[in-house]
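Observations on the model geometry
Now for the letters of each chain:
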Amino acid sequence: MPTSVDTKNPDAVASFVCTRFKTMFPEADLSFLNQLFADVTAIFTGLHPDYQANDLKYHDHEHTLQATVCLVKLLESRHRAGAEPALNMRYTELAIASVLLHDSGYQKARSVKTGTGAQFTFMHVLRSCSFAATYLPTLKVTLKEIHTVIEAIQCTGPTSLISQRHFASPVDNIIGCALATADYLGQMAASDYPDELDALFTEFQESYDYYNVPPEDRLFSSAEALSKNTGIFWQKIVLPKLENDYQGIYRFLAEPYPNGDNPYITAVETNLAII
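Residues numbered from 1 in each chain as written. Predicted model: local features only at pLDDT ≥ 70, side-chain atom pairs only at ≥ 80, totals over all residues. Heavy atoms only, no water.

Bringing a nonpolar patch on the surface into the picture now. Side chains of F122, M123, L126, Y210 and Y211 sit close together on the surface and give an oily, nonpolar patch of about 500 Å² of accessible area. Mapped onto the fold, M123 is located in the loop between helix 4 (89-101) and helix 5 (124-135). On the accessibility criterion, M123 (37% relative accessible area) is partly exposed. (Patch = residues over 30% accessible without salt bridge, like charges linked within 9 Å, V, L, I, M, F, W, Y side chains within 5 Å. Areas by Shrake-Rupley, 256 points an atom, 1.4 Å probe, with all protein chains shown as cover. Salt bridge = Lys/Arg side-chain N within 4 Å of Asp/Glu carboxyl O. Helix = DSSP H or I, 4+ residues; strand = E, 2+ residues; numbered from the N terminus. Buried < 20%, exposed > 50% of the residue type's maximum accessible area, 1.4 Å probe, protein only.)

Right under this line is the structure:
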């Protein structure tokens, strides 16, 4: 993973995010972010009264934290570069909310007695939007701001076409691009990504079974087939999205920006070579 932050440790990620946020906005009050991190950790770890602990092997708590670190690194670099349209303090908070909630749709209510949560794979974006719409008002987030978060969450996933979406503002568009970029790069650059593909296939299989998808309509027939096609997935789907749909915003991850090496892209290429 191209970061020194321990993404297995929610407190370490929260500390990193709050420190970077204060660097961008020295006058910031961290109460919103602190509550957001506490609530999301409770949801993933089974401390929330309404939700079971996440028991997935791929789309687990760490996946969300990996994407969160990537997003904040990207937004801090973009902020430092003075890129337009600029994200003010509140929009940056909303961007962080969007990444922390983007996979909340995998979580199982306590009433759900079967499955791992992976059964919701093909509907998790819709469920994540629903959760965000229900949860964010408890943090006094306005209706307009909730739409910003939901729009961003809807930008995630291979079938989302950001270039064809109508956004309420150019800033909302940037948040969507940043979240989608961080979602891909956070997972594909992780040092254990090559070892996680079996778990990803298992999640697909559980959802295929849950929605009664016939074998001939399933994208992958085996974990080996998924692994074999990962390079093609990167070249034919992810890279074009990063460059075009997501407006090349990944370039802000270069260290230093704009002419340094991009540790996330390098890590993905290393993982693809291993796979």
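Turning to the side chain of S98, a few remarks are in order. Of note, S98 is situated in helix 4. A distance of 2.6 Å separates the side chain of S98 from the backbone oxygen of A95, its partner in a polar contact. Contact partners of S98, with chain neighbours within four places excluded, come to V149, A152, I153, I175 and L179. (Polar contact = N/O pair within 3.5 Å; in protein donor to acceptor, adjacent residues only side chain to side chain. Contact = heavy atoms within 4.5 Å.)

Attention now moves to the nonpolar core. By size, the foremost hydrophobic cluster in this structure holds 86 residues, and its most contacted members are L33, L36 and L185. No other element matches the 11 residues that helix 7 (residues 170-188) contributes to this core. If sequence neighbours within four positions are ignored, L185 has contacts with C70, W234, L242, Y250, L253, Y264, I265 and V268. (Core = buried A, V, L, I, M, F, W, Y, C linked by side-chain atoms within 4.5 Å.)

Its 15 residues give helix 2 (residues 31-45) an end-to-end C-alpha distance of 21 Å, which sits within 8% of 21 Å, the value for a rise of 1.5 Å per residue. Turning to helix 2, its buried residues are F32, L33, L36, F37, D39, V40, A42, I43 and F44. In this structure, the buried side of helix 2 is in contact with helix 1 (10-24), helix 3 (61-81), helix 4 and helix 5. (Expected span 1.5 Å × (residues − 1).)

For the rest of this paragraph, the subject is the packing of helix 4 against helix 7. At their nearest, the axes of helix 4 and helix 7 sit 10 Å apart, and the two run at 35° to each other. Crossing hand, helix 4 versus helix 7: right-handed. Contacts from Y91, A95, S98 and V99 in helix 4 reach V171, D172, I175 and L179 in helix 7. Each residue belonging to the contact of helix 4 with helix 7 can be placed in one class, and the counts come to 6 nonpolar, 1 polar and 1 charged. (Axes fitted to C-alpha atoms, helices over the stretch in contact; angles between N-to-C directions. Left-handed = near helix turned anticlockwise from the far one by under 90°. Nonpolar A, V, L, I, M, F, W, Y, C, P; charged D, E, K, R; others polar.)

It is worth spelling out helix 5 at this point. Between its terminal C-alpha atoms helix 5 stretches 16 Å, which fits the 16 Å expected from 12 residues at 1.5 Å a residue. Within the sequence span of helix 5, burial applies to H124, V125, S128, C129, F131, A132 and Y135. For helix 5, the angular spread of buried residues about the axis comes to 165°, placing them on one side. Of the residues in helix 5, the exposed ones pointing more than 90 degrees away from the buried face are L126 and T134. Check the buried side of helix 5 and you find it contacts helix 2, helix 4 and helix 6 (143-153). (Arc of directions from axis to C-beta.)

Examined against the element boundaries, F37 turns out to sit in helix 2. F37 sits 26 residues away from D11 along the chain, and the two C-alpha atoms are 8.5 Å apart. The contact partners of F37, leaving out residues within four places of it in the chain, are V13, A14, V17, T68 and L100.

With that settled, consider the packing of aromatic side chains. Applying the stated criterion across every chain, the model contains 12 aromatic pairs. Ring plane angle 25° and centroid distance 4.7 Å describe the contact between F252 and Y257, whose orientation is recorded as stacked. Of the residues examined, Y257 reaches a relative accessible area of 36% and is grouped as partly exposed. Geometry around F32 places R90 over its ring, the cationic atom sitting 4.7 Å from the centre. Stacked on the ring of F120, the Lys or Arg R127 has its end atom at 3.7 Å from the ring centre. (Phe/Tyr/Trp six-rings, centres within 6.5 Å; stacked < 30°, edge-to-face > 60°. Lys NZ or Arg CZ within 6 Å of the ring centre and 35° of its normal.)

Of note, the amide linkage connecting E255 to P256 takes the cis form, showing an omega dihedral of -5°. Looking at where P256 falls in the secondary structure, it is placed in the loop between helix 10 (230-245) and helix 11 (263-274). The linkage connecting Y257 with the following residue, P258, adopts the cis geometry, with an omega of 10°. Position of P258 among the secondary structure elements: in the loop between helix 10 and helix 11. In the Ramachandran plot, K140 falls in the positive-phi region, its phi being about 65° despite a non-glycine side chain. Position of K140 relative to the elements: it lies in the loop between helix 5 and helix 6. Its relative accessible area of 73% is what places K140 among the exposed residues. With a phi close to 60°, Q247 is a non-glycine residue in the positive phi region. Here Q247 shows up in the loop between helix 10 and helix 11.

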